[in-house]
Amino acid sequence: MEILTVTTVVNRSTLGARRFRGVPGIIAVIVLMSLSACAGLMPRSSAPPSLKYVPIVYGAEAPVFRTIAASMKRKLGSAATLYPLSRDPAKEKQQLRQIEARNPPQVVAIGLRAMRWSTALKGRQIVFCEILDRSQAGLTNEKVKGVNVIPPPAQLFARWRSLSPALRKVLVITGPGLEQQIAAAKKAARENGIRLVHRVVRTDKEYVYAYKRAASRYQGLWLLPDNRVLSRSAMLAVMSYSVRHGKQVAVFSPELLSLGGLISAQAVPDDVADQVIGRLRAGVGRSDLPGPAVAELTRSDFRINREVAQQLDLVVGNGTGG
Amino acid sequence: MNKKSDNNASWINRLTPWFTNILAAVRSKVVRAWSRAVQIADHLHQRFLRPHRPRSIVKRLLYLQSLWAILIYLLAVSGIWYSSNYLVNESLFGRGNDWLSKLDELGTPIYTSRGRKSFQRIRRLLSESPELAYVRYFDAGGHKVLAQFRKHGKNKIGIPPISPNQLKRLRSTGGTKPTVVDDQSIDSVYRIIAPVWVKSIRADGLINYRLDAPGVEHTRIIGFIDVGLDRTRYLQSVRTALIYGSLAIALILFIANYFGRIIVRRALTPLSRLKDPLAKLALGDTGVEVESVGDEEIAAISQALNTTIKAVRERDEELRKIANHDPLTGLVNRSYFMREVESALGALRGDARNSALLFIDLDQFKYVNDTVGHGAGDRMLIQVAEALSHRIREHDVVARFGGDEFIILARDVDQSGAIGIARSILKRLQKMRFVEGEHSFNIHCSIGITMISSSRYSVDELVSQADMACFEAKRRGRNRYNLFELSDHDQKNLVADVGWSQVIRNAIDLDGFVLNFQPMVSADDDGCEMYEVLLRMPDPEGKLVGPSLFFSAAERFGMMVEIDYWVIEHALMAMKEQRANGRDICLSINLSGHVFEDQALGSRIVEALEANDVPGDRVIFEVTEQSAVRYMDSAASLIRSLRNHGCRFALDDFGTGFSSYGYIKNLPIDFIKISGEFIQEIRSDRIDQVMVRSIVDVARALGKKTIAESVEDATTLKMLQQMGVDYYQGRFCGEPVADLPKERVPLVANQG
């Protein structure tokens, strides 16, 4: 399988200019003003507040955790202290005591396990990342906020559309409770000329059933990583069905390209680190963390399955690769 | 895959013992039935087709071949049946799993919030499948039926719920979805049950997702699917396969068996060819020749058989020659000759011409024997036999009939022709001279002729006629022939002889003889109490007569040996009876000379002694001097043999024959019985006195006892006592009596 790797970086102002090309100027101005109101998300022109001691806790479940932690360490320098979680409860407790002893105002938790561990540090700002199901991490509040795992849907749809100009109708199936995120995604899709249709299922079985019955009406499937309704067999069934029926599938992991996925979009660790650091800085000197519960990423790492693209009569040009 | 394999294994484990039992039962029944059938067939075969004959190896092989064909057929049909069932169950299992997979997906709405209405849509799909008997969806508990489908016509099937045990097995979540096959609870339905699973990936399982990452999923059972497949459709296929398969195998086996039978028959043809020659050989036909062809083994057998047959044939011919010929002269013997005469008589009934019997008796042969000895007499007989053989025509028969008696059957002659033959024989013998050492003898003979012109007379009667004619020729002066002419007297004699022969035959067959016992007392009156056994026979009028009246007829008709045996057996039986009553006696039994011709005499006497529990030393056998001399070798051999068993021998009528002391010396006898001729006139005849004294002296010198016969008075007895005779027999000592005396007979002279 030949995979084309593309990382897309979107400058928000540039993105805004591109997005609203042809839109009446007044609306563009209003939108730009609205976006500028999201101060927490925008880089400040003044010197960023300094971070003195930020413990970065992460597990060893996924290599990407370590990559993100390393990126943050690189960016924060001595202010960052890495705490790779040990499998030994005694050591974990010792690590916890070490952190508490230094009384840090902010903690970074990379991954679900680190998040669960970090909740023991009461009264501190916790910035998490690499957590798909926030309900598993505990309710977000003003002191607990995070960074999205999924790269910006807009970039995905833009990239997908450039690859497959005829793409018009895409199905996304998830478990319940993601209406807000899906609404944003729908909007991003619509901005790229794609109609994103959402189906809610409760089980992997229902996922497959729903997809097989609905697939004929859609050109593609956006396989969102919802662990509640996905199983290995369900993904295999969906991917197999898609290949057999010539459906384009955007997947969340390059691993699934081998099953017939057309394009995969995953977060860029540096981008994740940047967004986490941004949230940390925004919270310096405050009791709470400003901004949305989950900050969006700005960059995406795309990979395209050339073989599948060929089978689907899609042209993967240089430009497409960005 | 593992679960499927487990299911297969459990299915095979369930089926194997059952199938093994079926096979064992079938095999047992088949073997018993076949064994019984073979027994019946064998019985019928032996009873009706080949009574008392062993079975043919060809048939046995063909039976075995047929048996194998049947066994192979049964095994093949069983194999087809087993394979078909196995394939059907495999197919059912595969189809069941396919349906489970399909139904698992189709039934998804049943387990969603959208409810069970959607099941109505798939009901139509299910109803179009003929192999589905029913489908049931259960809840996660496995008890509540959420939706079900039953094929039309299967509504009456009583479908059992999922048992707790089945639920337990179905809830065991492993790598593969478990299934439970239940093909026992519902007839004609193959039931297969599987759980309905849902899975979800661990909360952080999709971060850096890898397809082969272990342990990232959770499995949950949300229900069960119970599918019943209509087995009857498959069983119908099995039956059809079984019928066509078994017919095809039967046809193949029939053809193979048919050609196998041909091959077996051809292979065993060389062996079968041996059957007829061997059957003929078994019937005594040694003229058969076994064809020495075929395989190496058969050829070897054939060659061996031919060699054996040849040896048997040569021995047979030798035995036949011995049986039919006189060992001394090489001429045919009496029995063979009689058969030839019988055949000549039979030929008269056709268009054959008359024949003649010529009875030849050498004149003065006894003189030759007495003069130059027995061996010379034998040589003379051989010379005469050769002369007669040269004289007769090719189709005539010459036989030695007795000691110096010859008889010729001249075929196709009339009376003048027969007379011509007699004359030529007389002439030929007259020209012959027998030279033995310094002695030279003329050979003369008397010839009696009788014509065989009708079947009016029997062979015995014809021989008697020739014998009588010969006797008449001798009476007229010897060295002549005499043609039998039936006078009244001759007729009477002939009738008398024939009549005696019938009486004797009856006496032998019906135990008509009577034994009398005459005491032989001893001078010192100690030792064993002795009696001579005397034979008596009732004549046609019932009066007991002595052997002098019927022995000639018995000899003529060849019944002397039988009479001897009769006397021996009944005398020993009488002794047994006496011994049972506590009396220990000795019996002296007379043997005729003819008995020495019987090779079995010695063994038969020993058997009779043992049968009657009589010690050999209580029996004395009396042989005449003439018999002993005539059969010197065989007599001496027999005497020695029986003496080893304790028997004793007496030389009877000593003095009347050759009276050679050399015979006494050479014969291993115990007693010398002095002829009555020397005793009857001993009171007045000095020669008799000298003779008796001489015999006693010689006997004493040889260690033998003497017995004097015909002791008629006390004077004679006293003289004999003075001469040293050991035993005395005669009317004076004791009359012959039918019943043995209960006490020892005393010696009267001693008492007086």
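Heads up: these notes are all about the structure in this document. (Residues numbered from 1 in each chain as written. Chains lettered and ligands numbered in written order. Predicted model: local features only at pLDDT ≥ 70, side-chain atom pairs only at ≥ 80, totals over all residues. Heavy atoms only, no water.)

Turning next to unusual backbone geometry. If you check the backbone angles, Asp313(A) has positive phi at about 60 degrees while not being a glycine. With relative accessibility at 69%, the residue Asp313(A) sits in the exposed group. The phi dihedral of Ser710(B) is positive, around 55 degrees, even though this residue is not glycine. Relative to the assigned elements, Ser710(B) resides in the loop between strand S20 (705-708) and helix H23 (714-723). (Buried < 20%, exposed > 50% of the residue type's maximum accessible area, 1.4 Å probe, protein only. Helix = DSSP H or I, 4+ residues; strand = E, 2+ residues; numbered from the N terminus.)

On to helix H3 (residues 63-76) of chain A, then. All names here are of chain A. With 14 residues, H3 should cover 20 Å at 1.5 Å per step; its first-to-last C-alpha distance of 20 Å lies within 8% of that length. Among the residues making up H3, those that are buried are Val64, Phe65, Ile68, Ala69, Ser71, Met72 and Leu76. Buried residues of H3, viewed axially, fall in a sector of 160 degrees; they line one side. In H3, those exposed residues whose orientation departs by more than 90 degrees from the buried face are Arg66 and Arg74. Close packing links the buried residues of H3 with strand S2 (54-58), strand S3 (80-84), strand S4 (106-110), strand S5 (125-129) and helix H11 (269-283). Trailing H3 by a residue or two, Gly77 shows a phi angle of about 70 degrees, which is positive. (Expected span 1.5 Å × (residues − 1). Arc of directions from axis to C-beta. Contact = heavy atoms within 4.5 Å.)

Looking now at the packing of aromatic side chains. Residues and elements named next belong to chain B. With the rule as written, the count across this model stands at 15 aromatic pairs over all chains. Each ring, one from Phe434 and one from Phe441, has its centre 6.3 Å from the other, and the planes form 25 degrees; the classification is stacked. A relative accessible area of 7% places Phe441 in the buried class. Here the aromatic residues Phe513, Phe550, Phe551 and Trp566 are joined through ring pairs into a cluster of three or more. Its end group placed over the ring of Tyr565, Arg604 keeps NZ or CZ at 3.7 Å from the ring centre. (Phe/Tyr/Trp six-rings, centres within 6.5 Å; stacked < 30°, edge-to-face > 60°. Lys NZ or Arg CZ within 6 Å of the ring centre and 35° of its normal.)

Let us now look at the nonpolar core. With 77 residues, the main nonpolar core has Ile504(B), Phe513(B), Phe621(B) and Val692(B) as its most contacted residues. Of the residues forming this core, the biggest block, 10 residues, is contributed by helix H16 (residues 560-580) of chain B. Leave out the neighbours within four places in its chain, and Phe513(B) touches Ile504(B), Ala507(B), Ile508(B), Leu535(B), Arg536(B), Met537(B), Phe550(B), Ile563(B) and Trp566(B). Among the nonpolar cores identified, the runner-up in size contains 60 residues, and Leu76(A), Val127(A), Tyr211(A) and Ala213(B) belong to it. (Core = buried A, V, L, I, M, F, W, Y, C linked by side-chain atoms within 4.5 Å.)

All names here are of chain B. Evaluated as defined, the whole model comprises 1 disulfide over all chains. Each sulfur of the disulfide joining Cys528 and Cys586 lies 2.0 Å from the other. Linking Cys528 and Cys586, the disulfide has an S-S dihedral of approximately 115 degrees and is accordingly described as right-handed. Here the residue Cys528 occupies a position in the loop between strand S13 (514-522) and strand S14 (529-538), and Cys586 occupies one in strand S16 (residues 585-591), the gap between them amounting to 58 residues. Per residue, the accessibility class of Cys528 equals that of Cys586, and both read buried. Cys445 provides the cysteine sulfur closest to Cys470, a residue in no disulfide bond, and the two sulfurs are 8.0 Å apart. Overall, Cys470 belongs to the buried group, its relative accessible area being 2%. (Disulfide = S-S within 2.5 Å.)

In this section: the interface of chain B and chain A. In many reports, interface size means the accessible area that the parts give up when they come together. Each partner contributes to the interface: chain B provides 30 residues, whereas chain A provides 33 residues. Taking both partners together, chain B and chain A bury about 2,600 Å²; carbon and sulfur atoms supply 58% of that area. By the criterion of area lost to chain A, the three top residues of chain B are Leu206(B), Ile207(B) and Leu211(B), representing 25% of everything that side buries. Put simply, chain B and chain A have 9 residue pairs in polar contact (both at pLDDT 80 or more) between them. (Buried area = accessible area lost by both parts, 1.4 Å probe. Polar contact = N/O pair within 3.5 Å; in protein donor to acceptor, adjacent residues only side chain to side chain.)

Below, the discussion takes up empty space enclosed by the protein. All names here are of chain B. As enumerated under the stated definition, the model contains 3 cavities of 30 Å³ or more in all. Along its surface, the largest cavity is lined by 12 residues, and Met520, Val521, Glu529, Arg744 and Val745 are the ones closest to its centre. Among the elements that make up the lining of the largest cavity, the one with the highest residue count is S13 (4 residues). A breakdown of the residues in the lining of the largest cavity according to their chemical character gives 8 nonpolar, 1 polar and 3 charged. (1 Å grid on protein atoms, 1.4 Å probe; cavity = no way out; pocket = protein on both sides within 12 Å on 5 of 7 lines; lining within 4 Å. Points joined across faces, edges and corners; volume = space filled by probe spheres on them. Nonpolar A, V, L, I, M, F, W, Y, C, P; charged D, E, K, R; others polar.)

All right, on to the side chain of Asn516(B) then. Residue and element names in this part refer to chain B. The residue Asn516 is located in strand S13 in this model. Relative accessible area serves as the criterion here: at 10%, Asn516 is assigned to the buried category. Setting aside anything within four residues of it in sequence, one finds Asn516 in contact with Glu532, Val533, Leu534, Arg536, Pro736, Val737 and Ala738.

Quick look at the pattern of salt bridges now. A complete count under the given rule lists 33 salt bridges over all chains for this structure. Lys205(A) is the partner of Asp104(B) in a salt bridge, and the nearest nitrogen-oxygen pair spans 2.4 Å. Placement of Asp104(B) in helix H2 (residues 57-106) and of Lys205(A) in helix H9 (residues 204-214) is noted, with the two residues assigned to different chains. Classification of Lys205(A) as buried rests on a relative accessible area of 9%. Notably, a salt bridge pairs Arg505(B) with Asp509(B), separated by 3.3 Å at the nearest N-O pair. Here Arg505(B) and its partner Asp509(B) are both found in helix H14 (residues 488-509), 4 residues apart, which amounts to about one turn of the helix. Taking relative accessible area as the criterion, Arg505(B) reaches 27% and is therefore assigned partly exposed. Members of the salt-bridge network, linked through shared partners, are Arg579(B), Asp584(B), Asp617(B) and Arg618(B). (Salt bridge = Lys/Arg side-chain N within 4 Å of Asp/Glu carboxyl O.)

All names here are of chain B. Summarising the sheet, strand S19 (residues 671-674) and S20 pair through 4 bridges and their orientation is parallel. Paired with Lys673 across the bridge in S20 is Ile707. Here 2 bridges tie S20 to strand S21 (residues 727-728), and the two strands are oriented parallel to one another. Residue Ala708 lies in a different strand from S21, and its bridge partner there is Tyr728. Handedness of the crossover joining S20 and S21 through H23: right-handed. (Pairing = 2+ DSSP bridges. Right-handed = clockwise from strand over helix to strand, strands pointing away.)

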